[in-house]
2 protein chains.
Amino acid sequence: MPTNRDEQAPKPDLRLINQALAMICGKWRLYIILLLGEQTLRYTQLSELLPGISEKVLAGELKALVALGVMKRKAYAEMPPRVEYKLSKKGRLALPVLNQLQEVGQLFN
Amino acid sequence: MPTNRDEQAPKPDLRLINQALAMICGKWRLYIILLLGEQTLRYTQLSELLPGISEKVLAGELKALVALGVMKRKAYAEMPPRVEYKLSKKGRLALPVLNQLQEVGQLFN
DNA sequence: CGGCATCCTTTATGATACTG
DNA sequence: CAGTATCATAAAGGATGCCG
């Protein structure tokens, strides 16, 4: 016979949770994803939209998000160089839920 | 005239985002919230459901979540002592979105 | 039982200078 | 322009012992 808790709420999956947290946790990561949304932005545009972020951290976060498959990086062989970032399909699929986190934040007002 | 981006996706609110992240980020915080769900659990039960968490971290996370207003702590003046934790109304309101984060994690499989 | 205090290790974040 | 390298600080997490 199942317990009351099993019926009402199956035990959360720690692995799924950690994958979601890897995508959004950190001082800038979720904000970068939401900011990007459906647009394509260049490295410099992102740095202007994230005032106060250091070069090292921005480059590191972008690299990590690309590695996670959340966003895509496209470099053009031009001079001066141009690099564009946009969400991957995976990132776009996650977007609705991630945007809802702002409503969760709203609960604290 | 609004820009294309303004129409499609208003700039995310960093303050709301940070409030949501404060609630869920960290190695255990989101898992504690989802695990609690609609139940009431004692301190020792929580520690058994979070294998590997240290006393310091568990006590600190519970205290932080109570301070954030996400959960409630109820201590009984018995011997031996008994302390119960459950989600506050705020925590229960956030629960549906937080559970959806597992589906976001599912995207990485 | 349900913590807190202390000390320690690991990650995360940041400032800055430099380069293909 | 779009980063990397190096150095430094801060925050998170953990091990362990003690206490009301």
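Check the entry above for the structure.
Keep in mind it's a predicted model, so treat the numbers as computed, not measured. (Residues numbered from 1 in each chain as written. Chains lettered and ligands numbered in written order. Predicted model: local features only at pLDDT ≥ 70, side-chain atom pairs only at ≥ 80, totals over all residues. Heavy atoms only, no water.)

Counting across every chain of the model gives zero aromatic pairs over all chains. Positioned above the aromatic ring of Y76 of chain A, the side-chain terminus of R82 of chain A is 3.8 Å from the ring centre. (Phe/Tyr/Trp six-rings, centres within 6.5 Å; stacked < 30°, edge-to-face > 60°. Lys NZ or Arg CZ within 6 Å of the ring centre and 35° of its normal.)

Residue and element names in this part refer to chain B. Running from N to C, helix α2 (residues 14–24) and helix α3 (residues 29–36) point in directions that differ by 75°, and their axes come no closer than 6 Å. Judged on the interaxial angle alone, α3 and α2 are roughly perpendicular. Where α2 abuts α3, its residues A22, M23 and I24 lie against R29, L30 and I33. Here the residues of the contact of α2 with α3 sort into five nonpolar, no polar and one charged. (Axes fitted to C-alpha atoms, helices over the stretch in contact; angles between N-to-C directions. Helix = DSSP H or I, 4+ residues; strand = E, 2+ residues; numbered from the N terminus. Parallel < 35°, antiparallel > 145°, perpendicular 65-115°, else oblique. Contact = heavy atoms within 4.5 Å. Nonpolar A, V, L, I, M, F, W, Y, C, P; charged D, E, K, R; others polar.)

As enumerated under the stated definition, the model contains one disulfide over all chains in all. Each sulfur in the disulfide pair C25 of chain A and C25 of chain B lies 2.1 Å from the other. The sign of the S-S torsion, about -100°, decides the handedness of the disulfide formed by C25 of chain A and C25 of chain B: left-handed. Taken together, the residues C25 of chain A in the loop between α2 (14–24) and α3 (29–36) and C25 of chain B in the loop between α2 and α3 connect one chain to another. The same class applies to C25 of chain A and to C25 of chain B, which are both buried. (Disulfide = S-S within 2.5 Å. Buried < 20%, exposed > 50% of the residue type's maximum accessible area, 1.4 Å probe, protein only.)

Glancing now at the environment of Q102 of chain B. Mapped onto the elements, Q102 of chain B comes out in helix α6 (residues 89–106). Given the relative accessible area of 14%, Q102 of chain B is considered buried. Here Q102 of chain B is in contact with P12, D13, L16 and I17 of chain A together with L34 of chain B, once residues within four sequence places are set aside. Among the polar contacts made by the side chain of Q102 of chain B, one reaches the main-chain amide nitrogen of D13 of chain A at a distance of 2.9 Å. (Polar contact = N/O pair within 3.5 Å; in protein donor to acceptor, adjacent residues only side chain to side chain.)

Attention shifts here to the environment of G26 of chain B. Note on placement: G26 of chain B falls in the loop between α2 and α3. For G26 of chain B, a relative accessible area of 37% corresponds to the partly exposed category. Distance in space between the C-alpha atoms of G26 of chain B and E61 of chain B is 9.0 Å, their sequence separation being 35 residues. Sequence-distant contacts of G26 of chain B, defined by excluding residues within four places in its chain, comprise L21 and C25 of chain A.

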